[in-house]
Amino acid sequence: MSAFDLLMGVLLIASALAAVTLKNAVHAGLALVANFLSLAVVYFALEAQFLGWIQIIVYAGAVMVLFLFVIMLLFDAKADVGLDRLPWMRPLAAALAAAFFLALAYAFSGVGPVNPLADVKLGGGLPKALGGLLYGNWLYTVLLVAALLFAATVAAVSLVQPQIRKARVKPQVLERDRELEEVGK
Amino acid sequence: MSVYSLAKALGITLKHMFSKPVTIPYPSAPVPLKPRFHGRHVLTRHPDGLEKCIGCSLCAAACPAYAIYVEPAENDPENPVSAGERYAKVYEINMLRCIFCGLCEEACPTGAIVLGNEFELADYVYADLVYGKEDLLVDTVGSKAQRREAEQTGKPVKLGFEVPYVRPELEGVKYE
Amino acid sequence: MIYLIAALKGLVLILLLLFTFAYLTWGMRRGLARFQIRLGPNRVGPLGLLQPIADAVKAIFKEDISVANADKFVYWLAPLISFTFALAAFAIIPLGPKGSIFGIDPWVADLNVGILYLFAAAELATYGIFLSGWASGSKYSLLGGLRSAAGLVGYELALGVALLGPVLMVGSLNLRDIVDWQAQHGWLALWQLPVFIVYFIAALAEMGRTPFDFVEAEQELVGGFSTEYNSMKFVSFYMAELLHWITASALIPTLFMAGWHAPFGLPEIPILWLFIKWLVFIFIVMWIWASWFRTRYDVLIRFAWGVLFPVALAWFLLTAYWVASRGGAA
């Protein structure tokens with residue numbers, strides 16, 4: 001447990017806690033960005049460079065940007081959320097989180113520390129090595145994930161299509177059109 | 001928005017890059033003014049030295065900004081100041097009120113008050129910008145501020161403009 | 001020890017970039033003036049060369065006003081983000097061959113995933129824009145910031161996909177490898193002409209320069225996201241914008257025109273050739289800025305998503321087919 005591990009642990013937990021407890025939604029979003037960036041640092045330390053950069057580019061750079069757009073446009077970010085409708089949820093959530101933490105601690109108790117510099121099979125997590133694996137052994141998994149993402153995109157786009165409603169016509173106009181039709185016949 | 005029109009636009013600006021700029025580097029270079037430019041007023045004289053202004057106050061009446069103040073006085077027959085019966089004892093133009101419209105020049109029956117070409121009139125104190133007769137007569141060159149600076153530095157007044165010719169109404173005015 | 005040298009090189013680079021930014025304002029004002037048949041600033045010092053210093057002194061002594069409605073933390077943070085990530089992208093650009101400056105390598109970092117670093121820096125820089133728009137506490141700044149950031153996200157996509165073709169041909173994400181490949185095989189601008197054009201257009205948009213200056217469309221938005229900022233915070237945004245221009249003008253030759261290599265067998269002097277190519281691109285961007293007008297915002301967005309992105313994607317597929325048919329990267 002080096003000083004670096006301790007520091008990153010503190011950063012990750014603090015930013016995650018800030019993300020769920022801060023009142024101002026944009027501040028909470030920024031805390032989440034800080035969390036993602038700290039996670040990217042952890043990935044770099046574990047010699048997973050490509051994953052670390054992707055974490056920054058995709059999560060912190062694209063996902064959170066769009067998320068913050070939505071927060072800024074839709075919510076009055078400074079307002080308090082108001083009455084807490086489920087007051088018993090907080091202690092329950094805390095208890096469940098503590099239980100989950102204990103379970104994870106037990107699960108990881110038998111695992112020794114990872115020595116990142118030994119056995120660097122993937123060339124430092126670089127695209128060349130990863131590409132060979134992804135599109136070689138795991139090709140079908142990649143295709144499945146791509147299909148899933150595509151389905152999500154199509155669903156999202158179709159959800160925001162404007163509903164084309166038929167124009168409401170006044171009943172007098174409908175009546176007159178019907179009469180004109182009869183006369184025409 | 002064709003590529004051709006975009007390229008033409010680029011060509012125009014490139015041509016500009018190689019042409020001489022139209023900026024006049026005043027005050028290193030004199031500003032070219034037109035002869036009828038409305039500048040500071042000049043009280044002209046007749047060729048024999050008598051002032052043309054007879055103190056009739058038509059200019060003060062015509063001024064839309066009420067910038068002119070005239071106090072006439074009787075001409076002494078032995079030493080006449082002007083060429084008529086009266087002359088202007090006090091003649092003041094408030095340069096801050098004046099709008100340089102030239103109606104005073106049009107109203108003047110003798111052609112005494114004429115708009116010259118000087119424009120460097122800026123000064124610091126309000127009172128200094130009420131020009132009296134001695135500041136407006138045809139013998140004085142430069143504004144009050146320019147003459148003050150010339151006295152302090154010892155150099156002659158340098159006018160920052162040039163005109164192709166001095167119009168004939170400005171009798172006796174010379175810009176070197 | 002390596003880190004110390006890198007840190008020192010980083011410091012030197014930052015100082016150099018700030019100096020370049022200051023004198024780019026001079027060059028920009030005089031250059032634009034010549035395009036508009038007038039003189040630029042020429043009063044302050046010979047040829048106006050002390051003008052940037054006068055501007056800096058003025059900006060520093062201006063009163064730093066904070067909007068009452070502003071969100072304190074984010075209002076302070078946003079210019080910092082903009083400025084930091086604008087400086088960051090220059091670190092991986094190789095200015096010359098290994099060990100050429102008295103035995104020191106002329107780059108701050110030699111990342112094996114250099115291209116990914118560029119994407120990251122560009123994306124994190126857009127945070128500064130919409131965060132400052134939101135933090136100003138004004139509806140109009142918010143709208144300006146969001147519209148700018150939305151446009152930038154679209155052009156970043158085109159930027160990224162455009163780079164996939166060159167990366168495939170070179171077979172590496174490392175900028176040094178890209179430059180060295182071009183020295184052997186010829187300029188990537190010729191091999192990958194369509195995406196070179198796409199990259200150039202997208203880079204113009206990222207810089208926020210006409211015809212894409214929706215970021216700061218003065219006639220429409222006053223200052224957009226930076227309306228409520230002044231003094232040093234505003235200077236940070238202005239610096240970030242010009243630094244993007246400087247960095248993009250250095251990146252385009254590096255990625256597409258063989259970086260620091262001299263053209264056609266002329267003597268290889270380390271930093272000089274990149275400097276010349278950089279000057280060429282600075283001039284071209286300024287030329288375009290002086291000549292063309294701004295396109296309408298929805299046309300801009302449609303252009304990014306509907307023209308640039310498909311063209312880049314189609315070209316990437318073509319390149320992938322070509323590379324695969326030759327059995328791997330050339």
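This one's a predicted model, so the numbers in the text were calculated from it and none came from an experiment. (Residues numbered from 1 in each chain as written. Chains lettered and ligands numbered in written order. Predicted model: local features only at pLDDT ≥ 70, side-chain atom pairs only at ≥ 80, totals over all residues. Heavy atoms only, no water.)

A word on the overall build of chain C. The secondary structure content of chain C amounts to twelve helices and zero strands. Along chain C, helices and strands appear, N-terminal first, in the series α-α-α-α-α-α-α-α-α-α-α-α. Principal-axis analysis of the C-alpha atoms gives chain C an extent of 60 × 50 × 45 Å. Partitioning the contacts of chain C with sequence separation of at least 6, the portion at a separation of at least 24 is 77%. (Helix = DSSP H or I, 4+ residues; strand = E, 2+ residues; numbered from the N terminus. Contact = heavy atoms within 4.5 Å.)

This next bit is on the overall build of chain B. When its secondary structure is counted, chain B shows five helices and seven strands. Taken from the N to the C terminus, the helices and strands of chain B come in the order α-β-β-α-β-β-α-β-β-α-α-β. Rg of the C-alpha trace for chain B: 22 Å, well past the compact-globule value of 16 Å for 176 residues, more than 25% over. In terms of overall dimensions, chain B has a C-alpha envelope of 80 × 40 × 35 Å along the principal axes. (Rg over C-alpha atoms; globule rule 2.2 N^0.38 Å.)

The partner chain A presents 24 residues to the 26 residues of chain C that form the contact. For the pairing of chain C and chain A, the buried interface totals around 2,100 Å² over both sides, and the portion due to carbon and sulfur atoms is 79%. Put simply, chain C and chain A have zero salt bridges between them. Applying the counting criterion to the chain C and chain A interface returns three residue pairs in polar contact (both at pLDDT 80 or more). For the side of chain C that touches chain A, the secondary-structure elements that each account for two or more residues are α3 (72-88), α4 (114-135) and α5 (139-170) of chain C. No other element matches α4 of chain C, which puts eleven residues into the side of chain C that touches chain A. Here the residues of the side of chain C that touches chain A sort into 20 nonpolar, four polar and two charged. (Buried area = accessible area lost by both parts, 1.4 Å probe. Salt bridge = Lys/Arg side-chain N within 4 Å of Asp/Glu carboxyl O. Polar contact = N/O pair within 3.5 Å; in protein donor to acceptor, adjacent residues only side chain to side chain. Nonpolar A, V, L, I, M, F, W, Y, C, P; charged D, E, K, R; others polar.)

The next point concerns the interface of chain C and chain B. On the side of chain B, 17 residues touch chain C, which itself brings 14 residues to the contact. The three residues of chain C that bury the most area against chain B are Arg-34, Ile-37 and Trp-292 of chain C, which together make up 40% of that side's buried surface. In this assembly, chain C and chain B are joined by ten residue pairs in polar contact (both at pLDDT 80 or more). Contributing elements (two or more residues each) for the side of chain C that touches chain B: α1 (2-35) and α11 (272-291) of chain C.

Residue and element names in this part refer to chain C. Splitting chain C by domain gives domain 1 (1-61) and domain 2 (65-325). If you look at the interface, domain 1 gives 18 residues, while domain 2 gives 24 residues. Scanning the region where domain 1 abuts domain 2 turns up zero salt bridges. The interface formed by domain 1 and domain 2 includes zero residue pairs in polar contact (both at pLDDT 80 or more). Elements with a contribution of two residues or more to the side of domain 1 that touches domain 2: α1 and α2 (51-61). Looking at the side of domain 1 that touches domain 2, the element that brings in the most residues is α1, giving 16 residues. Taken together, the residues that form the side of domain 1 that touches domain 2 break down as twelve nonpolar, five polar and one charged. (Domains from an automatic or database assignment.)

Moving on to the arrangement of the chains. Taken together, the two pairs of chains in contact show their highest number of contacts between chains A and C. The two units chain A and chain B are non-contacting; their minimal C-alpha-C-alpha distance is 31 Å.

Attention shifts here to empty space enclosed by the protein. In this approach, a probe sized like a water molecule rolls over the atoms, and the result shows the empty space that is left. Residues and elements named next belong to chain C. Using the criterion set out here, one finds four cavities of 30 Å³ or more in the structure. Approximately 250 Å³ is the volume found for the largest cavity. In terms of lining, the largest cavity is formed by 17 residues, of which the most central are Ala-122, Leu-159, Tyr-199, His-244 and Leu-251. Residue assignment for the lining of the largest cavity shows that the elements contributing at least two residues are α4, α5, α8 (193-207) and α10 (231-256). Element by element, the count of residues in the lining of the largest cavity is highest for α10, at five residues. (1 Å grid on protein atoms, 1.4 Å probe; cavity = no way out; pocket = protein on both sides within 12 Å on 5 of 7 lines; lining within 4 Å. Points joined across faces, edges and corners; volume = space filled by probe spheres on them.)

This part is about the sheet that holds strand β6 (residues 130-131) of chain B. Sheet strands pair by backbone hydrogen bonding; their relative direction is either parallel or antiparallel. Residues and elements named next belong to chain B. Ordered in space as β3-β4-β6, the three strands form an open sheet in which the pairing is antiparallel. Because the sheet does not close on itself, it has two edges, and the strands there are β3 (68-74) and β6. With seven bridges joining them, β3 and strand β4 (residues 86-94) adopt antiparallel strand pairing. Residue pairing for β4: Pro-72 is matched across the bridge by Ala-88. (Pairing = 2+ DSSP bridges.)

Next up on the list: the confidence of the model for chain B. For chain B, the average pLDDT comes to 91, and 99% of its residues sit at 70 or higher. No element of chain B has a lower mean pLDDT than helix α4 (residues 133-136) of chain B, at 88, and none a higher one than helix α2 (residues 58-62) of chain B, at 95. (pLDDT = per-residue confidence, 0-100.)

Below, the discussion takes up the pairing of β4 of chain B. Relative to β6 of chain B, β4 of chain B runs antiparallel, the two being bridged by two bridges. Pairing of Asn-94 of chain B across the sheet is with Val-130 of chain B, part of β6 of chain B.

With that out of the way, let us pick up helix α7 (residues 171-184) of chain A. Taking 1.5 Å per residue as the helical rise, α7 of chain A with its 14 residues ought to reach 20 Å, and the 20 Å between its terminal C-alpha atoms agrees with that figure. Little of α7 of chain A sits out of view: just zero of its 14 residues are buried. (Expected span 1.5 Å × (residues − 1). Buried < 20%, exposed > 50% of the residue type's maximum accessible area, 1.4 Å probe, protein only.)

Note that side chains of opposite charge can pair when their charged atoms are close. If you walk through the whole model with that rule in mind, you get 15 salt bridges over all chains. With a shortest N-O distance of 3.6 Å, Glu-175 of chain A and Arg-178 of chain A are connected by a salt bridge. With Glu-175 of chain A and Arg-178 of chain A both in helix α7, this residue pair falls three residues apart, about one helical turn. Among the salt bridges present, the one from Arg-296 of chain C reaches Asp-298 of chain C, with a minimum N-O distance of 2.6 Å.

Among the nonpolar cores identified, the biggest contains 122 residues, and Tyr-127, Phe-130, Leu-131, Tyr-199, Trp-245, Leu-255 and Phe-256 of chain C are the most heavily contacted of them. For Trp-245 of chain C, the contacting residues outside a window of four places in its chain are Leu-24, Met-28, Met-207, Arg-209, Ile-282, Val-285, Met-286 and Trp-289 of chain C. Among the nonpolar cores identified, the runner-up in size contains 24 residues, and Ile-68, Ala-88, Ile-93 and Leu-115 of chain B belong to it. (Core = buried A, V, L, I, M, F, W, Y, C linked by side-chain atoms within 4.5 Å.)

So, on to the state of the cysteines. Residues and elements named next belong to chain B. On inspection of all chains with the given rule, the structure shows zero disulfides over all chains. Cys-108 takes part in no disulfide bond, and the closest cysteine sulfur, belonging to Cys-56, lies 6.0 Å away. The class for Cys-108 is buried, based on a relative accessible area of 17%. (Disulfide = S-S within 2.5 Å.)

Here we take up the packing of α3 of chain C against α10 of chain C. Residue and element names in this part refer to chain C. Remark: α3 packs on α10, axes separated minimally by 8 Å, with the N-to-C direction vectors making an angle of 20°. Considering the angle they form, α3 stands roughly parallel to α10. Judged by the twist between their axes, the crossing of α3 over α10 is left-handed. Within the contact between the two elements, α3 uses Tyr-75, Trp-76, Ala-78, Pro-79, Ser-82, Phe-83, Ala-86 and Leu-87 and α10 uses Lys-233, Ser-236, Phe-237, Met-239, Ala-240, Leu-243, His-244 and Thr-247. (Axes fitted to C-alpha atoms, helices over the stretch in contact; angles between N-to-C directions. Parallel < 35°, antiparallel > 145°, perpendicular 65-115°, else oblique. Left-handed = near helix turned anticlockwise from the far one by under 90°.)

The next subject is unusual backbone geometry. Residues and elements named next belong to chain B. Cis rather than trans, the peptide bond between Tyr-26 and Pro-27 has omega equal to 0°. For Pro-27, the location among the structural elements is in the loop between α1 (3-17) and β1 (31-32). The phi dihedral of Tyr-66 falls on the positive side, at around 50°, and the residue is not glycine. Topologically, Tyr-66 is positioned in the loop between α2 and β3.

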